[in-house]
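# Summary of the model geometry
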Amino acid sequence: MKTFFESLRKSKAFKNFILFLSVMGPGIITANVDNDAGGIATYSMAGAHFGYALLWSLVPITLALIIVQEMCARMAVATGKGLADLIRENYGVKVTFYLMAVIFVVNLFNVMAEFAGVAASLEIFHINKWISVPLSAVFVWILVLKGTYKSVEKVFLFACLFYVAYVISGVMAHPDWKTVFQETIHPRFQWNLGYTVMLVGLVGTTIAPWMQFYLQASVVEKGIAVEDYKHLRLDVIGGCVIAPLVAFFIVVACAATLFKAGVSVETAKDAALALRPLAGDYAAWLFSFGLFIASIFAASILPLSTAYCICEGMGWDAGVDKRFEEAPQFFWLYAVMIILGAGVVLIPRFPLLKIMYLSQVGNGVLLPFILMFMLSLINKKELMGEFTNSRGLNVITYITVVTIILLTLMMVGFSIFSF
Amino acid sequence: MENKMKFFLYFSEILGRDVLDDKNQVVGKLCDMVLRLNNEVFPKAESIIVKKGLLRKEFANILLEDFQEVDGELKLKITRDQIKFQRQPFVSDFSIGQHVLDQQVVDIHDKKVVRVNDVHLLKVDNQLYLAHVDVGLRGIVRRLEWTKWVDVLVRYVSPKSPYLTQEELVSWKNTHVLNIGRTKNVVRLGVGREKLARIPPTALAEIMVDLDIFEKFSLFKVLNADMQRKVFTDLPVQEQEAIICQMEDQEAAILLEHIPADEATDLLLTLPKDKTRTWMRLMQSETSKNLQKLLGFSKDSAGGLMTTEYLCLGKDALVKDALQKIKDNVDYPGSIFYIYVVDDQHHLLGTTSFRRFINAPPQMPLAETCYPQQVFVRTDDGMEEVALLLERYKFSAIPVLNEEEVLQGVITSDDVLEELISLTWTKYKDQL
């Protein structure tokens, strides 16, 4: 027995696995936060309105997500700097300032959407939003300001496990697996407005601009060395596969029940409520529990990542371990994000649905700019050294980025149209 | 105010401004300023880089002598034909745009890393010198060209705000540029070294943690050998690793030789094997032999914990030999409480302690005083096992054997304690 363990310990595969575990985190967490309140709402609607007809799109979306996220991770390892840092140093303070201003507004809308998600999911469990929202705001505050990166990362990695709830509720909905499989590998495009809007929505919610900043910052924070890059890439790709996989099960769950019964839904809460008579109490509970975890998870990460990235770009001191007098801008930004983000949800008759739309539009407007900055940065030889894009990869990346830009522009158009 | 304008000039006031030729025609826009890299306190401006074209950008490098004035207006003495434009951007050893503006620099006075928002130029006899860097909010506002509006607004809201009067300028004497030498291997010696020598090593180590790897290394390279060693030992292992991997093999070997052996071992253990091997070959044989032995074992195994300092005697030794051995080794750094009895091949035959033979007849074979039971650990046993055995048998040291029963070294209880304390401390820190 001992020799077995010994040979295991000495084997290369095992060593690689341990190395992988040590760098694991940034990629998987970022991709999972991606399935936030807005994301889940979009996926539920895609399933409820179009059945399995949009499942195929998740495959190219996954590939696009991998390409974008991998570039960020590579930049982080090669330069040791965050995305905001790089933009500031290469494009100057003017560009950075306006970009950061837009990021602040867009991410603020995103945070509002997350807290709205917290309120909605807990209302299904009959918890009033006047209790749930302030409590979760306090929770987020304490978790992040009192934790170290290491301990917070552990909590987040653990939270990722809860996305299994969606897989289970997908299975509990008893879909027709044969059709599901066929639809996934057979792209079939429907030429109508509603379908296109939904398709664009799926892309826009899966590839959000704040993800690039967050991923790059957390890789830098973790201090992953160039030698460990191949393990990090595995983590990033793994995350980019898991996130659309969860989305896949959400679409399946809604398609197998709501689409079949012809129920129309507008929000994730609608979907959870509508699931109850069709798939049973447990499926509905699992669904809303997943929504709660997703929302609070994203609500913990977004304000912090925004505050860090803005301070980084503007050259202000930042860090949760600093005192208020040392980093006033950082704490102000963080506080405003949480207080405003949670506060508006409590305003009676506040148009939350429109906020959700606005956050999607904002993401869409911002993403093309971020992607263009990234493409320009990653091809700078003096910055990236041997880590610049290869010619082949550049072609693929350009095609992906142009497609994403076109689609998000379409989404912005549609959202303004439907607004 | 009028007077002050004459001597000082912000770089943001001329950045992006039109450059006019002798006939007052626009040639292009100012996009960068090249400075002379030397040991003067304030670097002198050498030339100005002018950019023209929007999609098809072209650049020209114009010497400062060719300007009539650089202040309110950027006017040339020369004609348009004398300017040579090229498609490639100019890469210089030291320029404001590439190395100072928007970059991070070390503020030596406040011992921290700051980002440069604007550059303050000193104007003497139509020559420009880099005098200060602006790291404050006013600098950002000035770059955004909002100064007028923001000033009016702030004066209206709170007329006594420090924002209105306080310029956060850091003298060039007190700054250290970081990313020089990132593209080329230009190192500013002399001045940089003198400036940095004013910061204590611990503070320097703290500053370095905040920098990215290239900046870290460029800062490190400027330090003299003695300072390098001091700063290096103050850095966490992760940072040490990042720095040493950037160094030339010969430099790395010399550095490793001069830092404490336990620090070197801890560092070498985290590094790839081939690197370790190369460096060891370059080290003096004495140092590398010592490190080699300690390196063969994983850090938290018995082999990694043990020391090679212990007392042993052959199997025919008598009690009086043992007493003599202890007397001879009173100053021995290892534990002298235990004596290990070994055969010719250094196999462990038994362990005896001072307490067991001090009252025994001197002519008695030492082997007879040994503990009836052999207690030992293997080189690859974990620390927990070592701790358990030490506690169970109330030993203060335990022998370490390899697979062939050959005595390798001993572990004393304080070695284990040290390791446990640091482990507990890490866990405790995590909970905070």
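Please read all numbers here as calculations on a predicted model, not as lab measurements.

Rules used throughout
- Numbering of residues begins from 1 in every chain and follows the order in which that chain's sequence is written.
- Whichever chain is written first is A, and whichever ligand is written first is 1; the rest continue in order.
- Local features are withheld for residues below a pLDDT of 70 in this predicted model, meaning they are given only at 70 or higher, and side-chain atom pairs are given and counted only at 80 or more; totals for whole chains, interfaces and linings count all residues.
- To get the side-chain values, all heavy atoms of the structure are used, and hydrogens and water are removed first.
- Per-residue confidence from the predictor is reported as pLDDT, a score between 0 and 100.
- Labels follow the DSSP assignment, with helices taken as runs of H or I lasting at least four residues and strands as runs of E lasting at least two, numbered in each case from the N terminus.
- In this description, contact between two residues means that some pair of their heavy atoms is separated by no more than 4.5 Å.
- Burial status follows relative accessibility: with a 1.4 Å probe on protein chains alone, a residue under 20% of its type maximum counts as buried, one over 50% as exposed, and anything between as partly exposed.
- Think of it as the arc spanned by the lines of direction from the helix axis to the C-beta atoms.
- What is meant by a nonpolar core is a set of buried Ala, Val, Leu, Ile, Met, Phe, Trp, Tyr and Cys residues, joined one to another through side-chain atoms within 4.5 Å.
- Stacked, tilted and edge-to-face are the three classes applied to pairs of Phe, Tyr and Trp rings, where Trp contributes its six-membered ring and a pair requires centres within 6.5 Å; stacked means planes under 30 degrees apart, edge-to-face means over 60, and tilted covers the rest.
- Two conditions define a charge located above a ring, namely a distance within 6 Å from the ring centre to NZ of Lys or CZ of Arg, and an angle within 35 degrees of the ring normal.
- Whenever a carboxyl oxygen of Asp or Glu lies within 4 Å of a side-chain nitrogen of Lys or Arg, that contact is scored as a salt bridge.
- Two strands pair under a simple rule: DSSP has to find at least two bridges between them.
- Every angle, taken between N-to-C directions, lies between 0 and 180 degrees, and every axis is a line fitted to C-alpha atoms, over only the stretch in contact when it is a helix.

## A look at the confidence of the model for chain B
Residue and element names in this part refer to chain B.
- Per-residue pLDDT for chain B has a mean of 80; in total, 88% of the residues score no lower than 70.
- Of all helices and strands in chain B, the one with the weakest mean pLDDT is helix H1 (residues 2–7) (51), whereas strand S15 (residues 338–342) scores best (91).
- Segment residues 1–5 is flagged for pLDDT under 50; beyond a separation of four residues in sequence, or across chains, it makes two contacts in the model.
- Predicted confidence for residues 181–190 stays below pLDDT 50, and this span has 21 contacts to residues more than four positions away or in other chains.

## Structural notes on helix H12 (residues 249–258) of chain B
- Of the positions making up H12 of chain B, those classed as buried are Ala 252, Ala 253, Leu 255 and Leu 256 of chain B. One side of H12 of chain B carries all its buried residues, which in axial view fall inside an arc of 165°.

## So, the nonpolar core
- Phe 287, Phe 297 and Met 374 of chain A are the most contacted members of the largest nonpolar core, which has 148 residues in total.
- The biggest single contributor to this core is helix H6 (residues 83–124) of chain A, with 19 residues.
- Counting 37 residues, the second largest nonpolar core, distinct from the first, contains Val 113, Ala 203, Ala 205 and Ala 264 of chain B.

## Some remarks on the packing of aromatic side chains
- Per the stated rule, a full pass over the model turns up 23 aromatic pairs over all chains.
- Between Trp 177 of chain A and Phe 249 of chain A, the ring centres sit 6.4 Å apart and the planes meet at 65°, which makes this aromatic pair edge-to-face. In this pair, Trp 177 of chain A sits in helix H10 (residues 177–185) while Phe 249 of chain A sits in helix H13 (residues 229–261), placing the two residues 72 residues apart along the sequence.
- Here Trp 177 of chain A falls in the partly exposed class, since its relative accessible area comes to 42%.
- Considering the side-chain rings of Tyr 371 of chain B and Phe 395 of chain B, the 5.1 Å spacing of their centres and the 50° angle between planes classify their relative orientation as tilted. Of the two residues, Tyr 371 of chain B sits in the loop between helix H18 (354–357) and strand S17 (377–378) while Phe 395 of chain B sits in the loop between helix H19 (383–392) and strand S18 (397–401), which places them 24 residues apart along the sequence.
- A relative accessible area of 22% means that Tyr 371 of chain B is categorised as partly exposed.
- Aromatic rings pair up to connect Phe 337, Tyr 338, Phe 354, Phe 357, Tyr 371, Tyr 393 and Phe 395 of chain B into one cluster.
- Above the plane of the ring of Tyr 10 of chain B lies Arg 142 of chain B, whose end atom (NZ or CZ) is 3.4 Å from the centre.
- Its guanidinium or amino end placed over the ring of Tyr 371 of chain B, Arg 356 of chain B lies 4.7 Å from that ring's centre, counting from NZ or CZ.

## Describing the pattern of salt bridges
- With the rule as written, the count across this model stands at 16 salt bridges over all chains.
- Residue Asp 102 of chain B is joined to Arg 88 of chain A by a salt bridge in which the shortest nitrogen-to-oxygen separation is 2.5 Å. Separated into two different chains, Asp 102 of chain B in the loop between helix H3 (96–100) and strand S8 (104–107) and Arg 88 of chain A in helix H6 make up a pair that spans both. Side by side, Asp 102 of chain B and Arg 88 of chain A carry an identical accessibility label, which is buried.
- When salt bridges with common partners are traced through the structure, they connect Lys 81, Asp 85 and Glu 89 of chain A together with Arg 115 of chain B into a single cluster.

## Things to note about the sheet that holds strand S13 (residues 175–177) of chain B
Residues and elements named next belong to chain B.
- Judged by pairing direction, the sheet is antiparallel, and its three strands sit side by side in the order S9-S8-S13 without closing on themselves. Both edges of this open sheet fall to strand S9 (112–115) and S13, since each of them pairs with a single strand only. Averaged over all pairs of adjacent strands, the angle between strand axes in this sheet comes to 35°, irrespective of strand direction.
- Sheet analysis places S8 next to S9, joined by four bridges and oriented antiparallel. By the bridge assignment, Val 106 is partnered in S9 with Val 113.

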